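Next come the chains, spelled out residue by residue.
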Amino acid sequence: MNFLKRSMMGTIRMPKKSFLLFSLILILSVLISGAVLVRHAVQQTEMTLRRKMPGITSVLYDWENSLSAGMDFPSPELIYEISNYPQVLSYDFTIDMPWGVYNRTLSPIETSGEFPMVGEYDEMTGLRLRVRGVQSEDFLSVRSHLLELLDGRAFEPIELVPGSVRPVIVSASLADANRLSLGSTFPAEVLEYEHLADGNIDLIDDSRKIELTVVGIFQPLDRYLPERLNDNERFQWHMQNTTLQHRVYVPNWVAYELFQLRAELPNEPMDTAFINFFILNDPLEVESFAEAVANLSGNWTITDLSSGFSQFSVAMANMNHMATMILWGGLGAVSVIISLIIYLYLRDRKEEVGIYLALGERRGYIVLQFLVEVIPIAIISMSLALLIGGFLSDGLSNRMLEQQLIAESGELSSQWNLLEELGYRFDPTDEQLLESYELTMNFEAVIIFYSIVLGTVLLATVIPLMGIMTLNPKDIMV
């Protein structure tokens with residue numbers, strides 16, 4: 001009789017033992033299958049969300065992990081270096097001058113009067129122009145649909161390098177208020193002045209200026225309508241919209257000229273920022289990109305748009321943690337219980353083992369005999385457990401995720417995000433996030449489940465067998 005026949009006889013001869021083994025593996029495998037499916041669903045959902053997220057990142061100075069002062073933004077030279085990383089599909093950067101420069105020939109933009117136009121116009125210094133330089137003709141604000149060109153064009157490649165003509169794109173409101181059209185020119189002035197004791201301003205030098213030529217007229221696009229906002233939100237919207245209406249887009253080299261002119265003046269706010277944008281080949285490469293940036297000399301970090309679903313990420317991380325604890329607990333229980341059953345089972349059958357050894361049977365075949373007795377039972381119980389675990393985990397995990405979202409909504413505080421401040425957002429609703437979570441028994445999850453559970457069962461079966469296989473047949477029979 002070979003070991004396969006002996007295995008079949010052993011299973012049939014001891015039905016209670018087989019049923020006990022089947023029941024224990026079934027119960028524990030239900031827990032393990034649910035944990036595996038939930039972990040896999042969490043990973044797949046987060047991957048799906050990240051793929052939907054725009055792959056826009058920006059490199060900033062890492063103030064949180066630094067004890068010394070540093071630059072807020074990397075230099076243009078460092079931006080060029082980062083743009084050659086393999087994760088980067090394209091890049092852009094802007095020389096942003098929030099304080100701006102002045103123009104004493106342009107008229108202020110008319111407003112509704114509901115909120116004052118604070119700081120945008122002064123009788124002595126004229127209209128403030130908030131300058132933003134761009135590096136590419138199809139710059140990010142256009143590509144991201146934050147503004148649309150009503151007339152004219154974006155910059156041509158030849159205009160992005162220093163030349164005799166300094167092009168500018170202005171807002172429709174600024175153009176309407178001053179009858180600007182394509183080809184119109186106006187100066188951008190860097191004024192040197194001082195504040196007098198009576199509150200007035202005394203101009204010292206107004207010779208620093210460059211002439212700008214209008215090549216395009218834009219209209220800002222905003223998804224939030226002011227009539228749907230409360231008073232405070234409407235005020236914030238009005239201030240942001242006013243800033244956009246007074247913004248002028250120029251090539252970076254023109255903005256850098258203005259920056260250098262302003263740097264010559266004493267007591268001028270040095271708030272110029274080299275704001276960079278790196279578009280990744282794949283949003284999933286954001287972690288490897290962050291590691292590469294962290295290895296640069298200095299102290300740099302990145303920001304992306306993942307804060308839009310950070311609440312969902314925290315909720316899913318909590319679910320993943322609970323599923324992991326259940327998984328390891330279930331595997332530990334399988335190991336201990338199966339080992340104990342096999343040990344007690346072998347103790348009752350040690351005379352049988354001794355006879356096989358005395359008759360010259362190979363020890364490996366005896367081990368295979370017991371494995372063949374256990375494996376079919378394990379596979380049948382695991383298959384049934386996978387169906388039960390998948391059915392129970394589907395509804396349960398969705399309710400858990402919904403509760404986690406409700407709990408986290410009151411815990412997380414909004415954090416400042418440069419990209420969001422500039423208008424680039426990825427903020428799906430809770431309903432959209434819940435719809436993206438789907439627990440499925442795909443091939444990968446099933447293979448993972450069978451591999452870890454069956455591997456644990458085999459290991460738990462072999463360990464007690466090794467102890468008795470090292471004994472002498474005479475010692476077993478005593």
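Along each chain, numbering runs from 1 in the same order as the chain's sequence is written. Selection of residues for local features in this predicted model requires a pLDDT of at least 70, selection of side-chain atom pairs for listing and counting requires 80 or more, and totals for whole chains, interfaces and linings are taken over all residues. Excluded from the side-chain calculations are hydrogens and water; all other atoms, namely the structure's heavy atoms, are used.

**Some thoughts on the overall build of the chain**
Here's step 1: A count of helices and strands for the chain gives 15 helices and 13 strands.
Here's step 2: Three labels apply to residues, based on accessible area from a 1.4 Å probe with only protein chains included: buried if under 20% of the type maximum, exposed if over 50%, partly exposed otherwise in between. Here the chain holds 478 residues, and 46% of them are scored as buried.
Here's step 3: Throughout, a contact is declared for two residues whenever any of their heavy atoms are within 4.5 Å. Restricting to contacts in the chain with at least 6 residues of sequence separation, those with at least 24 account for 84%.
Here's step 4: Only the protein chains shown count as cover for residues, and all accessible areas are computed by the Shrake-Rupley method using a 1.4 Å probe. Accessible area for the chain stands at about 24,600 Å²; split by element, carbon and sulfur atoms hold 57% of it. The secondary structure listing takes helices from DSSP runs of H or I that are at least 4 residues long and strands from runs of E that are at least 2 residues long, numbered from the N terminus.

**A word on a nonpolar patch on the surface**
Here's step 1: Patch definition: residues with relative accessible area over 30% and no salt bridge; like charges joined within 9 Å; nonpolar side chains (Val, Leu, Ile, Met, Phe, Trp, Tyr) joined within 5 Å. When a carboxyl oxygen of Asp or Glu is within 4 Å of a side-chain nitrogen of Lys or Arg, the pair counts as a salt bridge. Side chains of L384, I388, F391 and L392 sit close together on the surface and give an oily, nonpolar patch of about 400 Å² of accessible area.
Here's step 2: I388 gets classed as partly exposed once you look at its relative accessible area, which sits at 32%.

**Some remarks on the confidence of the model for the chain**
Here's step 1: Predictor confidence is given residue by residue as pLDDT, running from a minimum of 0 to a maximum of 100. The share of residues in the chain with pLDDT of 70 or more is 75%, and the mean pLDDT across the chain is 77.
Here's step 2: The least confident element of the chain is helix α1 (residues 3-13), whose mean pLDDT is 57; the most confident is strand β7 (residues 185-189), at 93.

**A short note on unusual backbone geometry**
Here's step 1: The residue R179 is not glycine, and still its phi comes out positive at about 55°.
Here's step 2: Of note, R179 is situated in the loop between α5 (172-178) and β7.
Here's step 3: Among the residues examined, R179 registers a relative accessible area of 79% and is labelled exposed.

**Points about the nonpolar core**
Here's step 1: Residues belong to a common nonpolar core when they are buried Ala, Val, Leu, Ile, Met, Phe, Trp, Tyr or Cys residues joined through side-chain atoms within 4.5 Å. One finds V170, F186 and F289 to be the most contacted residues of the largest nonpolar core, which totals 60 residues.
Here's step 2: In terms of residues, this core owes the most to one element, strand β12 (residues 273-280), which gives 7 residues.
Here's step 3: With residues near it in sequence (within four places) discarded, F186 still touches N103, L106, L129, V168, V170, L180, I210, E211, L212 and V214.
Here's step 4: L327, V334, I377 and L401 belong to the second largest nonpolar core, which has 34 residues in total.

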